[in-house]
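For reference, the chains in residue letters:
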Amino acid sequence: MTADDPGTVMVFAPVPQLTVTIEQGPGDAELHVHPGGQGVWQARMCAGLGASVTLCAAVGGEIGEVISRSLHDEDIEVRRIQRSGASGWYVHDRRDGSRTAVAEHAGTPLGRHDLDELYSNALATGVRADVSILSGPASPEVVPAEVYRRLAGDLGALGSTVVADLSGDHLTAVLEGGVEFLKVSHEELIDAGRAPGDSVEALTEAARELHKQGAGSVLISRADQPGVALLDEDEPLLVELPSLQVVDHRGAGDSMTAGVATVLARGGNLREAVRTGAAAGALNVTRHGLGTGRAEAIQQLTGRVRLTPIG
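Here we look at the overall build of the chain
Thought 1: When helices and strands are counted, the chain shows ten helices and 14 strands.
Thought 2: Expected size for 311 residues packed as a compact globule is a radius of gyration near 19 Å; at 18 Å, the chain falls within 12% of this value.
Thought 3: With the C-alpha coordinates aligned to their principal axes, the bounding extent of the chain is approximately 55 × 50 × 45 Å.
Thought 4: The proportion of buried residues among the 311 residues of the chain is 53%.
Thought 5: A fraction of 66% describes how many contacts in the chain between residues 6 or more apart in sequence connect residues 24 or more apart.
Thought 6: Side chains of the chain give 25 positive and 42 negative charges; the mean places of these two sets differ by 2 Å.

This is the structure in C-alpha cells:
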C-alpha cells in the first residue's frame, strides 16, 4: 500500500433494510427512503472518508428489489446474493424531532443455502480487502452467531484485518473467532452482563476482559460521555471530544466503527484510527442522515480528539 492508497474495505452486511423516515419539512411532511441497517451506514461512512468499499449482502422479496436499486446510488460496490426470504424494513416518524417507530420488520432468518452463498461471497471479497467489517443484523435471530465466529476466524487466517461492531451472542462468537479491533457500546456491555456499570473503571476492566477473550484492541463508546479505548496491550485511554448539538444520535457508533476501519485500511496507526472514529461519530449526531458527514469536517474534528491515559 502506498501513502496515497485509500485502502479497501469489505463490509459484511448480511441483511440490509429499507428505511422509511417521515421528517417535518418547512411546510409539509417529507418522506425519505434509503437503504440502511448497520452495515450500510458503516459502508456509507467509509466511502465518504475515501475508502474503496464493497458491501456483501443478501436481499430478497419486493423490499429486496427496492434495496438493490437504491444501493446503486451509493458510492460503494455491492456484491449481493438473492435470498429466498424477505428483506427487512422500518418506518420511523421524526416529525416532532424524536424518532418513533411506526412499524418495522428485521427480515426473515437466512436459510442454509442463503448463508452458504453469502459466506462464500464475503470470504472471497474480504480476503482481497485490507479491512473487513463484520456488522450485525437488525435482530439476532436473522443470522446465526456461529457465522460470525467462522467468518472472523477465516478472514483473520487469510490475512484480512477484522473489525467488528456486534453485541450479545454475535459478540461472543466473534471473540471466539478472533478480531483485530472491536467497537462496542457501554449499554451493550451492561445488558450482556460484561460490565457492572458505566463508570470508567468498570468499562476499563471490561475492555481488558474482551482483550483476553480475543479482541486485539477495544473501543467502548459511552453516548455523550468520553469513550474508553484499550489499544493492543497499552494502557487504557479516555477518548474525549467537545460535545456537539445532537440532531439524531442513531448511527453514531456505526460511523465511529467506519472511521476506525478506514484509517486501518490505509495503513494508519491505532491512535489515529480511534481519533478519526470518534470524530466521525461526533459529526454524525449533528446530521439527519445516518452514516454521513463530510470528510473535511471529520478531519478538522479529529484534531480536537484527546486521548488521555486512564490512571
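A word on the packing of aromatic side chains
Two aromatic rings, taken as a pair, are described by how far apart their centres are and by the angle between their planes.
Thought 1: Inspection of the entire model under this criterion finds one aromatic pair.
Thought 2: A centroid spacing of 5.7 Å and a plane angle of 75 degrees characterise the contact between Phe-12 and Tyr-148, whose relative ring orientation is edge-to-face. Highlighted residues: Phe-12 in strand 1 (residues 8-12) and Tyr-148 in helix 4 (residues 145-157), separated in sequence by 136 residues.
Thought 3: The class for Phe-12 is buried, based on a relative accessible area of 1%.
Thought 4: When the ring centre of Tyr-119 is taken as reference, the NZ or CZ atom of Arg-150 above it lies at 4.0 Å.

Here's the deal with the sheet that holds strand 10 (residues 179-185)
Thought 1: Reading across the sheet, the ten strands line up as 5-4-1-8-9-10-11-12-13-14 and stay open at both edges, with mixed pairing between neighbours. Of all the strands in the sheet, the pair left with one neighbour each is strand 5 (77-82) and strand 14 (306-309). Looking at each pair of strands side by side, their axes are set apart by 20 degrees on average, direction ignored.
Thought 2: Pairing analysis gives three bridges linking strand 12 (residues 225-230) to strand 13 (residues 237-240), with the strands arranged antiparallel.

Focus: the confidence of the model for the chain
Any region with low pLDDT has predicted coordinates that should not be read closely.
Thought 1: The predicted model of the chain averages 90 in pLDDT, with 92% of residues at 70 or higher.
Thought 2: Considering only residues more than four positions removed or in separate chains, one finds that residues 287-292, a stretch of pLDDT under 50, has 24 contacts.

A few points about the pattern of salt bridges
Once the charged atoms of two side chains with opposite charge are near each other, the side chains can pair.
Thought 1: Scanning the entire structure with this criterion turns up six salt bridges.
Thought 2: Residue Arg-94 is joined to Glu-23 by a salt bridge in which the shortest nitrogen-to-oxygen separation is 3.1 Å. With Arg-94 in the loop between strand 6 (88-93) and strand 7 (100-105) and Glu-23 in strand 2 (residues 17-24), this residue pair connects regions lying 71 residues apart in the sequence. The same class applies to Arg-94 and to Glu-23, which are both buried.
Thought 3: In this structure, the salt-bridge partner of Arg-306 is Glu-240, at a minimum N-O distance of 3.7 Å.

Examining the packing of helix 1 (residues 38-48) against helix 8 (residues 252-265)
Thought 1: Contact pair helix 1 / helix 8: the axes reach a minimum separation of 8 Å and the direction vectors enclose 50 degrees. With respect to helix 8, the axis of helix 1 lies oblique. Crossing of helix 1 against helix 8: the hand is right-handed. Residue-level inspection shows Gln-38, Trp-41, Gln-42, Met-45 and Cys-46 of helix 1 in contact with helix 8, the latter providing Asp-254, Ser-255, Thr-257, Ala-258 and Thr-262.

Quick word on the pairing of strand 1
If a strand is regular, its side chains alternate between the two faces of the sheet.
Thought 1: Within strand 1, four of the five residues are buried, leaving the element largely enclosed by the surrounding structure.
Thought 2: Sheet topology places strand 1 next to strand 4 (residues 52-59); five bridges connect them, and they run parallel. Considered in strand 4, the bridge of Phe-12 is made with Cys-56.
Thought 3: Pairing of strand 1 with strand 8 (residues 131-135) involves four bridges; the strand directions are parallel.

Structural notes on the environment of Leu-283
Thought 1: Note that Leu-283 resides in helix 9 (residues 270-284).
Thought 2: For the pair formed by Leu-283 and Ile-298, sequence separation is 15 residues and the distance between their alpha carbons is 6.8 Å.

Analysis parameters
Residues numbered from 1 in each chain as written. Predicted model: local features only at pLDDT ≥ 70, side-chain atom pairs only at ≥ 80, totals over all residues. Heavy atoms only, no water. Helix = DSSP H or I, 4+ residues; strand = E, 2+ residues; numbered from the N terminus. Rg over C-alpha atoms; globule rule 2.2 N^0.38 Å. Buried < 20%, exposed > 50% of the residue type's maximum accessible area, 1.4 Å probe, protein only. Contact = heavy atoms within 4.5 Å. Lys, Arg positive; Asp, Glu negative; His and termini not counted. Charge placed at Lys NZ, Arg CZ, Asp CG, Glu CD. Phe/Tyr/Trp six-rings, centres within 6.5 Å; stacked < 30°, edge-to-face > 60°. Lys NZ or Arg CZ within 6 Å of the ring centre and 35° of its normal. Pairing = 2+ DSSP bridges. Axes fitted to C-alpha atoms, helices over the stretch in contact; angles between N-to-C directions. pLDDT = per-residue confidence, 0-100. Salt bridge = Lys/Arg side-chain N within 4 Å of Asp/Glu carboxyl O. Parallel < 35°, antiparallel > 145°, perpendicular 65-115°, else oblique. Left-handed = near helix turned anticlockwise from the far one by under 90°.

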